[in-house]
Amino acid sequence: MINEGYKAMLGGKSVIRELSEYATARGSEIGYDNVFDYSLGNPSVPCPPSFTEAMIDLYRTAEPVALHGYSPSLGIPSVRATIADSLNRRFGMDYTADYIFPTSGAAGALAHALRAVTKPGDEIITFAPYFPEYQPYVAGTGARLTIVPADTENFQINFAAFEAAMNPGVTTVLINTPNNPSGAVYSEETLKRLAGILTAKQAEYGHDIFLISDEPYREIVFDGGTQPYPSRFYDNTLSCYSWSKSLSLPGERIGYVAVNPRATDAKLIVPMCGQISRGTGHNCPSSSIQLAVAKVVDETSDLSVYETNMNLLYDALTSIGFDVVRPGGTFYIFPKALEGDANAFCMKAKEYDLILVPSNSFGVPGYFRMAYCIDTDKVRRSIPVLEKFAHEVYGL
């Protein structure tokens, strides 16, 4: 008999993927340039030439058996050391290679981190709006996910609701900053307050509470700002990262877990991740990709287009009459829909070939997400269409 749990999941296909598939099909009818597809967060800028050169150099000069051989189960030691050194330089940390575990992107990092610090039946708290895939990620561990309602004023943490939700069954808190879908960047004040609450609750409950920080958009921050590094403020932190966005390498599936060296049992967590791999079939990212990213570990693609696109959309949306919090980073914007039913709003937008993602799966009703990792020219051409839609359907 097939697995009934996964069979049931077939009926819960990602809304984002469904909209992306619709946009592709519609594009085959009218030309994709005429479909304003804001559905999928797929980076739209090329990887830096230095990464391509690093890959070519490896394939030309490295000994083939070594290059294509199995990676050690905990990752290539030199790559782990390079990542640790980079984090220490950038964020004032004290990692060594022993605290770095390479993974298949941020999703792989989360899969390992969640299993390393929870057991079936534990409660994990996260904050709306949140990435919808957290639901299956957590369900797969046997833990359960509690969603704290959003602070829609600025999409920082709703601390009153968070403290009300805390209880002795909570073993882990999961954050995503910069945030998908809101674009919010958690401030140093927010992170320090969160750390203070977690420290106090650890003492009150008599057990560890781990913070898992999902950080694939860490380098996409606007207005000359930076994302404060959550591990600096709370010892029991596992940082989950991917180069999918910073280097525009989503298809290469390369990231890592970084374990704060001051965390409880920190020396055990990376070896435990190796054992988790045995049960999940993870078996490390490819050797060549590990070695290539290590050669460009401090570099990024030209990410400036995302800030350009954000400013265009934010100015246009607010001018039209949308209620929207200005993003501090990522390549997402999260306006309030022009009616309470976000699904109905986005269905009406489809009639104008505007592909927008309703907010229900993000845990916040009445909003929609736009992934503006598309050509700037297309953003500009979409603005009159947004204006027409809002005017003809909602009288703005």
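These numbers were taken from a predicted model, which means no experiment stands behind them.

Colleague: So what exactly am I meant to see when it comes to the overall build of the chain here?
Modeller: A tally of helices and strands in the chain yields 14 helices and 12 strands. Taken over the C-alpha trace, the chain has a radius of gyration of 21 Å; the compact-globule value for 396 residues is 21 Å, and the two agree within 12%. Projecting the C-alpha coordinates of the chain onto the three principal axes gives extents of approximately 60 × 60 × 55 Å. Classification of the 396 residues of the chain by burial places 55% in the buried group. For the chain, the exposed area adds up to about 16600 Å²; of that, 51% sits on carbon and sulfur atoms. In the chain, 31 positive and 43 negative side-chain charges are present, and the distance between their average locations comes to 3 Å.

Colleague: What exactly am I supposed to notice about the pairing of strand β2 (residues 100–103) here?
Modeller: A regular strand places its side chains so that they alternate between the two faces of the sheet. Alternating residues of β2 divide into I100 and P102 and F101 and T103, and every residue in both groups is buried. As paired elements, β2 and strand β8 (residues 255–259) share 4 bridges and run antiparallel to each other. Its bridge partner being in β8, F101 is matched across the sheet by V257.

Colleague: Just to check I follow, could you spell out the domain arrangement of the chain for this structure?
Modeller: Interfaces are frequently sized by the accessible area removed from exposure as the parts join. For the chain, the assigned domains read domain 1 (4–47 + 301–394) and domain 2 (49–295). Taking only C-alpha atoms into account, the centre of domain 1 sits 26 Å from that of domain 2. Linking domain 1 to domain 2 there are 1 salt bridge. Between D223 and R326 there is a salt bridge, with the nearest N and O atoms lying 2.6 Å from each other. Applying the counting rule to domain 1 against domain 2 returns 13 residue pairs in polar contact (both at pLDDT 80 or more). Contributions of two or more residues to the side of domain 1 that touches domain 2 are made by α12 (304–320) and β9 (332–333). With 3 residues, the top contributor of residues to the side of domain 1 that touches domain 2 is α12. A class-by-class count of the residues in the side of domain 1 that touches domain 2 yields 18 nonpolar, 9 polar and 3 charged.

Colleague: How should I be thinking about the sheet that holds strand β3 (residues 123–127) in this particular structure?
Modeller: As a general point, the strands of a sheet are linked pairwise by backbone hydrogen bonds and lie either parallel or antiparallel. Reading across from one edge, β2-β8-β7-β6-β5-β3-β4 is the order of the 7 strands in this open sheet, with mixed pairing throughout. Each of the sheet's edge strands pairs with one partner strand only, and the pair in question is β2 and β4 (144–148). Put simply, the sheet's adjacent strands are angled 20° from each other on average, direction ignored. Sheet analysis places strand β7 (residues 237–242) next to β8, joined by 5 bridges and oriented antiparallel. In the strand pairing of β8, Y241 is matched with Y256. Its contacts with the sheet put helix α5 (residues 77–91) on β2 and β8, and the angle it makes with β2 is roughly 115°.

Colleague: Looking at this structure, I do not really get the nonpolar core. What am I missing?
Modeller: In globular proteins that are soluble, nonpolar side chains generally tend to be buried together. Within the largest apolar cluster, 69 residues are counted, with the highest numbers of intra-cluster contacts made by L87, Y95, W243 and V259. The leading source of residues in this core is helix α6 (residues 105–117), at 6 residues. Residue assignment places this core across two domains, with domain 1 (4–47 + 301–394) and domain 2 (49–295) each supplying three or more. In contact with W243, other than residues within four places in its own chain, are I83, S248, L249, I254, G255, Y256, V293 and V297. If you look at the next biggest cluster of nonpolar residues, it comprises 35 residues, including V45, M310, V324 and Y372.

Colleague: What exactly am I supposed to notice about the environment of I320 here?
Modeller: The topology assignment puts I320 in helix α12. Since its relative accessible area comes to 14%, I320 is described here as buried. Put simply, I320 and G11 are 309 residues apart on the chain and 36 Å apart in space, counted from C-alpha to C-alpha. I320 has contacts with L386, E387, A390 and L396, leaving out every residue within four places of it along the chain.

Scoring rules and cut-offs
- Residues numbered from 1 in each chain as written.
- Predicted model: local features only at pLDDT ≥ 70, side-chain atom pairs only at ≥ 80, totals over all residues.
- Heavy atoms only, no water.
- Helix = DSSP H or I, 4+ residues; strand = E, 2+ residues; numbered from the N terminus.
- Rg over C-alpha atoms; globule rule 2.2 N^0.38 Å.
- Buried < 20%, exposed > 50% of the residue type's maximum accessible area, 1.4 Å probe, protein only.
- Areas by Shrake-Rupley, 256 points an atom, 1.4 Å probe, with all protein chains shown as cover.
- Lys, Arg positive; Asp, Glu negative; His and termini not counted.
- Charge placed at Lys NZ, Arg CZ, Asp CG, Glu CD.
- Pairing = 2+ DSSP bridges.
- Domains from an automatic or database assignment.
- Salt bridge = Lys/Arg side-chain N within 4 Å of Asp/Glu carboxyl O.
- Polar contact = N/O pair within 3.5 Å; in protein donor to acceptor, adjacent residues only side chain to side chain.
- Nonpolar A, V, L, I, M, F, W, Y, C, P; charged D, E, K, R; others polar.
- Axes fitted to C-alpha atoms, helices over the stretch in contact; angles between N-to-C directions.
- Contact = heavy atoms within 4.5 Å.
- Core = buried A, V, L, I, M, F, W, Y, C linked by side-chain atoms within 4.5 Å.

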